[in-house]
Amino acid sequence: MRGEANGRRGGAAARPRGVVLVAVAAVAIAVAAGGCAGGHPAIATGTASDTEPDPVELPPACGDGDAAAGELCFFALDPLPVPDQPTDLVVADLDRDGSDDVALASFGGTARVFYGTGFGTFEESPLILPLIRPRGVAALRRADDLPLDLAVADLGLGTLALFRADAARSYASPKGATLGGKPRALASGDLDGDGDDDLAIANEDAGEVTIALLGGVDEAPALTSYAVGEEPYGVAIADLDGDGALDVVTADRVSSTISILRGAGDGSFDAAVARDASPDARNLAIADLDDDGRLDVVTAGFMGALAILYGRGGDLEFTPRILDGGGALYGVAIGDLDHDGVADVIATDFGASEAVLFLELDQESPRIERRWTSSAPFDVALTDLNKDGALDVLVVAAYGNAIDIFINDP
């Protein structure tokens, strides 16, 4: 796969029929531990020095297939045009053909599905699903192993739209559920243990998270709402306390907290407990950042702070760490981007139209890098688009009406 992807960069490879050929907008950006060639310079995190720094040993050439620790090699493809102000995305193999696809919610009135080719490109003519003002989007797995369903929160109508897959790349007419308020974000997972994914829905106006337990194709979802912090903007599902049952976590904008609902495994939850997070928290991601076997929570704040809450285990207590990302952070994702075996964090800076990379988080002073994006980036996701073993980056830019794609090519 790597040879085919590199061939596309050179412009000589053949183009499969029905595939959007995305041209390279810039040469690969090679970043050493102390700086970068092309793109933005690294932001210094240590103290100033009057002496000339020691020479920095540059990483091996990008594209040689040797992923050296600390090597950060991304090249930007031409942005993929998406009308209607796209804000939210989910990445999954929706048609189960072995390649990741992208489903988008666009605030101007549509949801779109772009089907991946496995080479970092997407097929022409995306599937378009008309709505009013969609925001959150989630993919839903069913126990029968059919193509994945889609769920979209329609903020304009205060409803949930369920698109059941009746065949690969085909969805039946949506079935709706009235939520009220302003449903803004979705997360999916099997909350009741029946083998089918369910939903957690952050409702901004109501200060609630609604749990939607999904049954058969023709059954209406069973809805139960729980109070959380003020104006929840983001939601995630994970087993935070390590008891084997999935929990639900929201990022609460006005109260600047996360709210944690401890799950029982049968679709019911305890009342939410709050923990301090980024001021004006807009979104969150969950992973084990420090490799201690306990999940950690990262929140992106619109006032520029990235909060890392290191989990202590089943008591749902955390050790906080605040990093200054500058600007107006919105979307956030976690993954090892520089091949050093340590999880990194990437966040979108809505105001500066940049992606902010927080690297070497196992160090006292992490390394911070920035990359330009299209205008007003909202959501961000990490996945291996071209199947070469390296995480690629997708950024949804609302005012730029685009998906920015950065291929990781060590």
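Before reading further, recall that the structure is shown in the block above.
A few points on the structure.

About the cut-offs
Residues numbered from 1 in each chain as written. Predicted model: local features only at pLDDT ≥ 70, side-chain atom pairs only at ≥ 80, totals over all residues. Heavy atoms only, no water. Helix = DSSP H or I, 4+ residues; strand = E, 2+ residues; numbered from the N terminus. Buried < 20%, exposed > 50% of the residue type's maximum accessible area, 1.4 Å probe, protein only. Contact = heavy atoms within 4.5 Å. Areas by Shrake-Rupley, 256 points an atom, 1.4 Å probe, with all protein chains shown as cover. Salt bridge = Lys/Arg side-chain N within 4 Å of Asp/Glu carboxyl O. 1 Å grid on protein atoms, 1.4 Å probe; cavity = no way out; pocket = protein on both sides within 12 Å on 5 of 7 lines; lining within 4 Å. Points joined across faces, edges and corners; volume = space filled by probe spheres on them. Pairing = 2+ DSSP bridges. Axes fitted to C-alpha atoms, helices over the stretch in contact; angles between N-to-C directions. Nonpolar A, V, L, I, M, F, W, Y, C, P; charged D, E, K, R; others polar.

## Side note on the overall build of the protein
Point 1. A count of helices and strands for the protein gives one helix and 35 strands.
Point 2. Across the 410 residues of the protein, 54% fall into the buried class.
Point 3. Partitioning the contacts of the protein with sequence separation of at least 6, the portion at a separation of at least 24 is 48%.
Point 4. For the protein, the computed accessible surface area is about 16100 Å², with 50% contributed by carbon and sulfur atoms.

## What about the pattern of salt bridges?
Point 1. On inspection of all chains with the given rule, the structure shows 18 salt bridges.
Point 2. Where Arg253 meets Glu231, a salt bridge forms, and the shortest distance between an N and an O atom there is 2.8 Å. Residue Arg253 is found in the loop between β22 (247-252) and β23 (257-261), and its partner Glu231 is found in the loop between β20 (222-227) and β21 (232-238); the two are separated by 22 residues along the sequence.
Point 3. Between Glu360 and Arg367 there is a salt bridge, with its nearest N and O atoms 2.7 Å apart.
Point 4. Arg367 sits in the buried class, given a relative accessible area of 5%.
Point 5. Linked by salt bridges that have partners in common, Asp95, Asp97, Glu123 and Arg169 make up one network.

## Re the environment of Ala274
Point 1. With respect to the helices and strands, the residue Ala274 is situated in strand β24 (residues 273-276).
Point 2. For the pair Ala274 and Leu316, spaced 42 residues apart in sequence, the C-alpha to C-alpha distance is 9.7 Å.
Point 3. Not counting the four nearest positions on each side in its chain, Ala274 is found in contact with Thr257, Ile258 and Ser259.

## Quick word on the layout of surface pockets
Gaps left between atoms show up when a probe the size of a water molecule is rolled over them.
Point 1. In this structure, the largest pocket encloses a volume near 930 Å³.
Point 2. What lines the largest pocket is a set of 36 residues, and nearest its centre among them are Leu89, Val90, Leu186, Val235 and Leu284.

## Focus: the sheet that holds strand β28 (residues 318-324)
Point 1. On the basis of which strands lie adjacent, the open sheet formed by four strands has the order β25-β26-β27-β28 and antiparallel pairing. At either end of the open sheet lies a strand with only one pairing partner, and these are β25 (281-287) and β28. Between one strand axis and the next, the sheet turns by 20° as a mean value, whatever way the strands run.
Point 2. Pairing analysis gives six bridges linking β25 to strand β26 (residues 296-301), with the strands arranged antiparallel. Following the sheet pairing, Ala287 is matched in β26 by Asp296.

## Describing empty space enclosed by the protein
Point 1. In this structure the tally under the stated criterion is one cavity of 30 Å³ or more.
Point 2. The calculated volume of the largest cavity comes to roughly 60 Å³.
Point 3. Across the lining of the largest cavity, the residue classes tally to six nonpolar, no polar and one charged.

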